[in-house]
Amino acid sequence: MAPLYTASAPSRRTRARTSSFSSNALLSSLSTTSSATAIAAPAPKPAPTMVSIKTLSLLDFKNAATRPRFLQEMRDSLMEIGTFYIRDHGIAGEITDDAMKTVQDYFALPLEEKKKMLIGNSRHFRGYKLIGEEFTNSQVDHREQLQFGPEQQPLESFQPGQSLNYEGLQGPNQWPRSTLELLPSFQPVILDFMQRLEQLSQTLMEAVALSLGLDQDFFRTMFGPDPYYRLKCAKYPSVPHEKEAKIGCGAHKDTGFLTLLLQDMVGGLQGQDPVTGQWMDTRPIPESFIVTMGESVERLTGGLYHATVHRVLNNTSGYDRYSIPFFFDPALSQTIPHSIQDLNQSKVLDFEEALENAMTKMTTDEKKGETEVEGWSNGAHIFETVHRCHPEVYARWYDKEL
Ligand SMILES: O=C(O)CCC(=O)C(=O)O
Ligand SMILES: [Fe+2]
């Protein structure tokens, strides 16, 4: 089979850096020679090439003629930074506007109403969280948030301290009657939006699989019939200039597989260039979602695809910022293989070498340990994340003596 793709992204990035160096060197040599008396200045340090976040059109994935280019660009993006924008994604502007409006209307409710669905009421980590009560990397975040997941029956057999903790995540969302009376479209809009985001995420994971040289339904099979997802709605209040706190949400990588993020036009989200460490504004682009890989993909690909480090800065524009990230992961009960190499599924010829290199970065000890076990528990991994973010839910519902 002919290779589907051309050279890997890191070498492109290196080439880009080299060419930026050459043009700087050329400029400096021109300016030196233009003045006879000039003392030769040391050549300026090459400016690191900024990686830019690409915008991809999902129509290019759906069209057979443009699909190879789409996959190549996706692969470049994920190898360079782990993030891209997706447009023409099939979720109409009215739907995203409705979702955003519903979230804004919810946050505008009186505090007493919002407290009726505090996250601490829910064993399933669903509900409202007051500002200043969430921590990212042990630093308090400056946002209010509201969390949802698949609407399911709880596992009746769940016993704290006896069952696997992650089995407690399965269950319904909170829908207080008075909230539904005040906001009749709240429940249908949120449930409908999650369903659409799930479908879009499945399609994007098909593209991720193909970009890795795997079968199109590789992740669909890995995720199982009931993928686990979380929809988080966040409000970042605008802060006065003099306010010390700079961070709306601390620097972190998302822990799972894929995040789709809808944001309003206020701005404040930044991604970090994994090579230079520079922060880049992930500016809002109308009618597009931001797509980010999480640590599970980074782990599965031996670091070949990045989980982007990102953060949200507080804004001083006078406008509150709203965002809706959707975290898409396999079913809680799924076991995730340590690497796609273990499955020996990669079919893209020139990709194999890049993957091989990424895998050999793992320490021998790590590899030795891994060959002894089949994989890692997705449920345990997700539970660890939600436990870390919402320790009060854990303390109330899970921290029981055996
Ligand atoms: O609100 C945002 O734009 C990003 C939030 C985020 O990164 C997160 O909740 O994981
Ligand atoms: Fe995040």
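Residues numbered from 1 in each chain as written. Chains lettered and ligands numbered in written order. Predicted model: local features only at pLDDT ≥ 70, side-chain atom pairs only at ≥ 80, totals over all residues.

Let us now look at the site of ligand 1. The environment of ligand 1 is made up of Lys232, Ala234, Cys249, Asp254, Leu261, Gln263, Leu269, His310, Val312, Ser323 and Pro325. Listing elements by their share of the shell around ligand 1, those giving two or more residues are strand 7 (228-236), strand 9 (258-263), strand 13 (310-313) and strand 14 (321-329). Grouping the constituent residues of the shell around ligand 1 by class yields 6 nonpolar, 3 polar and 2 charged. (Near = placed C-beta within 6 Å. Helix = DSSP H or I, 4+ residues; strand = E, 2+ residues; numbered from the N terminus. Nonpolar A, V, L, I, M, F, W, Y, C, P; charged D, E, K, R; others polar.)

We now examine helix 3 (residues 67-80). Counted at 1.5 Å a residue, the expected span for helix 3 with its 14 residues is 20 Å, and the 20 Å between its end C-alpha atoms agrees. Buried within helix 3 we find Phe70, Leu71, Met74, Arg75, Asp76, Ser77, Leu78, Met79 and Glu80. Following helix 3 by one or two positions, Gly82 has its phi on the positive side, about 95°. (Expected span 1.5 Å × (residues − 1). Buried ≥ 20, exposed ≤ 12 C-beta atoms within 10 Å, placed from the backbone.)

For the rest of this paragraph, the subject is the nonpolar core. Counting residues in hydrophobic clusters, the biggest one holds 76 residues, and the most contacted among them are Ile86, Leu204, Leu258, Leu260, Val291 and Phe326. Element by element, the count of residues in this core is highest for helix 7 (residues 186-211), at 12 residues. Once residues within four sequence positions are removed from consideration, Leu260 is found in contact with Leu197, Leu200, Ser201, Phe289, Val291, Phe326 and Phe328. (Core = buried A, V, L, I, M, F, W, Y, C linked by C-beta atoms within 7 Å. Contact = placed C-beta atoms within 7 Å.)

All right, on to the sheet that holds strand 3 (residues 127-129) then. Within the open sheet, the 8 strands sit side by side as 1-2-12-9-14-7-6-3. Their pairing is mixed. Where the open sheet ends on each side, the last strands, each with one partner, are strand 1 (55-57) and strand 3. The average angle at which neighbouring strand axes cross in this sheet is 25°, direction not considered. Across 3 bridges, strand 1 lies against strand 2 (residues 83-87) in parallel orientation. Bridge assignment links Leu56 to a residue of strand 2, and that residue is Ile86. Along the sheet, helix 4 (residues 93-107) makes contact with strand 6 (144-148), strand 7, strand 9 and strand 14, crossing strand 14 at roughly 115°. (Pairing = 2+ DSSP bridges. Axes fitted to C-alpha atoms, helices over the stretch in contact; angles between N-to-C directions.)

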